[in-house]
Amino acid sequence: MAGRESHHHHHQAKQVPLSPLLSLICFVSIFLALSVFRRTSVTPQPHQSFQFINGVRSGISDAAGGSSCDYSDGSWLHDPNLRTSRYNPTCKEIFKGWNCYVANKSNALKIIHWHWKPKQCDLPHFDPVSFLEKFRNTNIGFVGDSLNRNMFVSLFCSLKHVTGEVKKWRPAGADRGFSFLKYNLTIAYHRTNILARYAWWSDNADGGKLESLGYKEGYRVDVDIPESSWIEAPNFHDILIFNTGHWWWAPSKFDPVKSPMLFFEKGLPVIPPVPPDIGLDMVLKHMISYVEKRMPPSAIKFFRTQSPRHFEGGNWYQGGSCQRQQPLSPQQAEDLFAPRNNRTNVEVRLVNKHLVKALNETSFHILNITPMSELRADAHPASAGGKKHDDCMHWCLPGLTDTWNDMFIQHLYDIRS
Ligand SMILES: *[C@@H]1O[C@H](CO)[C@@H](O)[C@H](O)[C@H]1NC(C)=O
Ligand SMILES: *[C@@H]1O[C@H](CO)[C@@H](O)[C@H](O)[C@H]1NC(C)=O
Ligand SMILES: *[C@@H]1O[C@H](CO)[C@@H](O)[C@H](O)[C@H]1NC(C)=O
Ligand SMILES: *[C@@H]1O[C@H](CO)[C@@H](O)[C@H](O)[C@H]1NC(C)=O
């Protein structure tokens with residue numbers, strides 16, 4: 001984990017310019033919220049102030065692709081009669097540490113007794129058979145870190161539940177992939193932590209600009225070169241869904257002192273060296289443009305917003321845990337995640353600010369899973385993850401990422417209709 005000292009400075013540097021950006025995002029959200037209301041001619045009066053609050057909270061509007069409903073703005077309703085699961089909880093593809101049912105996590109089955117209800121519409125559980133029918137002959141790639149794998153596994157298990165003929169293979173450099181043969185639909189997971197290519201770097205006897213500044217070792221991050229695991233993905237897939245975030249803000253690998261990220265552009269070190277949050281902006285800019293150049297206009301590109309962690313009583317390496325049995329109230333979530341409170345999981349909304357900025361005016365759709373997920377402090381593996389520390393970052397399966405897929409697939413329907 002990162003040296004605490006540097007973390008300290010890192011956060012401090014970022015807190016200062018936050019409020020102008022916040023007011024900008026706040027303004028944009030109000031604008032978006034109002035235009036949604038105008039289009040749907042819903043009486044704006046009673047909702048306006050909540051929209052305002054929610055806009056500040058999430059900072060992102062989720063009304064996309066011709067739909068007038070913001071699926072990200074809603075609440076969790078308890079429904080003990082929900083059918084226990086959309087798929088067999090013993091689905092083989094579920095990574096052991098995420099299988100709360102098999103690991104006997106006390107609330108493993110209660111997690112799925114909650115239904116996400118967007119304020120302006122409904123978000124039904126997607127029907128796997130009609131999804132497979134509608135998206136015949138389609139390749140769908142998940143590109144990102146283990147949280148995107150968690151979402152990919154949920155989709156795989158949901159589809160496998162209704163159609164058994166599956167070919168397992170690794171298309172276009174993917175870590176894992178499956179074709180549902182009856183429908184010629186392929187889904188694949190391309191593993192990449194920071195999207196860009198990176199490799200260990202150490203000082204060279206000949207010396208260069210980084211050496212002359214005293215750098216001895218670290219990770220060279222080429223901000224303009226995609227990692228090889230997904231460099232071919234835009235040529236293969238019809239639909240891509242990206243994420244990145246966890247490796248930038250809570251680094252166990254990219255220690256700012258012992259193994260800093262050293263950014264390179266066009267093969268040369270960026271001088272003066274920039275901190276990871278600036279590097280993230282550079283990487284996002286280049287990766288978005290790489291994808292836009294290589295995919296035809298008919299392709300559908302999504303970027304998923306940051307998945308929140310729920311460590312309480314310390315970070316993961318300080319004995320922090322997530323013992324809650326029920327979703328948080330909006331007020332509790334606000335307290336836990338508001339950047340001004342600078343609590344343990346502060347990164348979630350900070351990452352989103354970078355994403356929103358980079359994705360503005362691009363052809364990417366934003367899948368805003370953050371507000372619904374911030375509430376689900378009950379839905380992580382915690383000690384059932386089977387590690388030395390609690391896992392308050394990934395999600396139990398079956399569980400929350402099933403709802404992410406409901407939202408993803410609803411967006412796909414809206415875009416195609
Ligand atoms: C945020 O919290 C960390 C410790 O959790 C602390 O080191 C840092 O100084 C805080 N930053 C600000 C801006 O208060
Ligand atoms: C879960 O509980 C069942 C039944 O009590 C037991 O057989 C199984 O070993 C337990 N699994 C774990 C991982 O503890
Ligand atoms: C299967 O889908 C791919 C596109 O994803 C397409 O190129 C191919 O022709 C399809 N195969 C058949 C038999 O329809
Ligand atoms: C998006 O881009 C437009 C035009 O450049 C700009 O006016 C707007 O402020 C941007 N919004 C965000 C959230 O960055």
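What comes next is a walk through the structure.

The rules we used
Residues numbered from 1 in each chain as written. Chains lettered and ligands numbered in written order. Predicted model: local features only at pLDDT ≥ 70, side-chain atom pairs only at ≥ 80, totals over all residues. Helix = DSSP H or I, 4+ residues; strand = E, 2+ residues; numbered from the N terminus. Buried ≥ 20, exposed ≤ 12 C-beta atoms within 10 Å, placed from the backbone. Contact = placed C-beta atoms within 7 Å. Pairing = 2+ DSSP bridges. Axes fitted to C-alpha atoms, helices over the stretch in contact; angles between N-to-C directions. Left-handed = near helix turned anticlockwise from the far one by under 90°. Nonpolar A, V, L, I, M, F, W, Y, C, P; charged D, E, K, R; others polar.

**Observations concerning the overall build of the protein**
At step 1: Assigned secondary structure in the protein consists of 13 helices and 13 strands.
At step 2: Taking all 417 residues of the protein together, 45% fall into the buried category.
At step 3: Of the contacts formed within the protein by residues at least 6 apart in sequence, a portion of 76% connects residues at least 24 apart.

**With respect to the sheet that holds strand β8 (residues 217-226)**
Strands belonging to one sheet form pairs held by backbone hydrogen bonds; the direction of such a pair is parallel or antiparallel.
At step 1: Reading across from one edge, β7-β8-β10-β11 is the order of the four strands in this open sheet, with mixed pairing throughout. Looking at strand neighbours, the two that pair on one side only are β7 (196-202) and β11 (268-269), the edges of this open sheet.
At step 2: As judged from the two bridges shared by strand β10 (residues 261-265) and β11, these two strands associate in the antiparallel manner. Each residue of the ladder has a partner; that of Glu265, found in β11, is Leu268.
At step 3: In this fold helix α9 (residues 276-294) packs onto β7, β8 and β10, with an angle of close to 30° to the strand it touches most, β8.

**Remarks on the packing of α9 against helix α11 (residues 347-359)**
The description of two packed helices rests on the angle between their axes and on the distance between the axes.
At step 1: Following both chains from N to C, one finds α9 and α11 inclined at 35°, their axes separated by 10 Å at the closest point. Note that α9 runs across α11; the crossing there is right-handed. Residues Asp277, Leu280, Asp281, Leu284, Lys285 and Ile288 of α9 form the contact with α11, whose participating residues are His354, Ala358 and Leu359.
At step 2: The residue makeup of the contact of α9 with α11, split by class, is five nonpolar, one polar and three charged.

**So, the pairing of strand β12 (residues 300-304)**
At step 1: Within β12, four of the five residues are buried, which leaves the element mostly enclosed by the surrounding structure.
At step 2: In this structure, strand β9 (residues 239-242) lies alongside β12, joined through four bridges in parallel fashion. Pairing of Ile241 across the sheet is with Phe302, part of β12.
At step 3: Examined bridge by bridge, β12 and strand β13 (residues 365-367) share three bridges and lie parallel to one another. Bridge assignment links Arg304 to a residue of β13, and that residue is Leu367.

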